[in-house]
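Tertiary structure, described
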Amino acid sequence: MKNYFSNLVGFVIDSFNTSDRIIFHCDMELLEMDVENAIPLVLIVNELITNSLKYALYDNREGEIAIHLSKNSFFLNLKVKDDGIGMQDLKEVEGSGFGSQLINLLTKQFEGKMSSTTIKGAEINF
């Protein structure tokens, strides 16, 4: 998963033409997952990284994005964090809300819970 996420986020950052100003950190153990569990995680991370680049680190802002994924006996823990502007005006940022709905549905698929903080950027935990 670490290699996959590193490649995915690298491609997303490149597609936004931001590789010269965004630093990416991938803090996770070498962890293998079956496709059934990996695909929802990849979709969640893709949506959150895209949102970070579109809404938190826009207008040529420099910044950092980090992903942490760990697994213990019972749970997967996923954290996606950026040091952008945070989510002060969430209603303005949501747009159609499709991304938020997708993340909520995928979180339910895992029987997971999501929380967020907005201190020095945005941090979403699952």
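Quick note: structure is the one above.
Below is a summary of the structure that appears in this document. (Residues numbered from 1 in each chain as written. Predicted model: local features only at pLDDT ≥ 70, side-chain atom pairs only at ≥ 80, totals over all residues. Heavy atoms only, no water.)

In this section: unusual backbone geometry. For Asn60, which is not a glycine, the phi torsion comes out positive at approximately 60 degrees. Secondary-structure assignment places Asn60 in the loop between helix 2 (35-56) and strand 2 (63-71). With relative accessibility at 66%, the residue Asn60 sits in the exposed group. You will see that Glu111, though not glycine, has its phi angle at about 55 degrees, which is positive. (Helix = DSSP H or I, 4+ residues; strand = E, 2+ residues; numbered from the N terminus. Buried < 20%, exposed > 50% of the residue type's maximum accessible area, 1.4 Å probe, protein only.)

The next thing to look at is the nonpolar core. Membership of the largest hydrophobic core comes to 29 residues, with the highest contact counts inside it found for Phe5, Val45, Ile49, Ile67, Leu69 and Leu78. With 9 residues, helix 2 is the largest single contributor of residues to this core. Sequence-distant contacts of Val45, that is, excluding residues within four places in its chain, are made with Phe5, Leu8, Val9, Ile67, Leu78 and Val80. (Core = buried A, V, L, I, M, F, W, Y, C linked by side-chain atoms within 4.5 Å. Contact = heavy atoms within 4.5 Å.)

With that settled, consider the environment of Met28. The topology assignment puts Met28 in strand 1 (residues 22-28). With relative accessibility at 7%, the residue Met28 sits in the buried group.

A word on the packing of helix 1 (residues 2-15) against helix 2. At a minimum axis distance of 10 Å, the contact between helix 1 and helix 2 shows a crossing angle of 35 degrees. Crossing angle aside, the handedness with which helix 1 passes helix 2 is right-handed. For the pair formed by helix 1 and helix 2, the contact residues are Tyr4, Phe5, Leu8, Val9, Val12 and Ile13 on the first element and Leu41, Val42, Val45, Asn46, Ile49, Thr50 and Leu53 on the second. (Axes fitted to C-alpha atoms, helices over the stretch in contact; angles between N-to-C directions. Left-handed = near helix turned anticlockwise from the far one by under 90°.)

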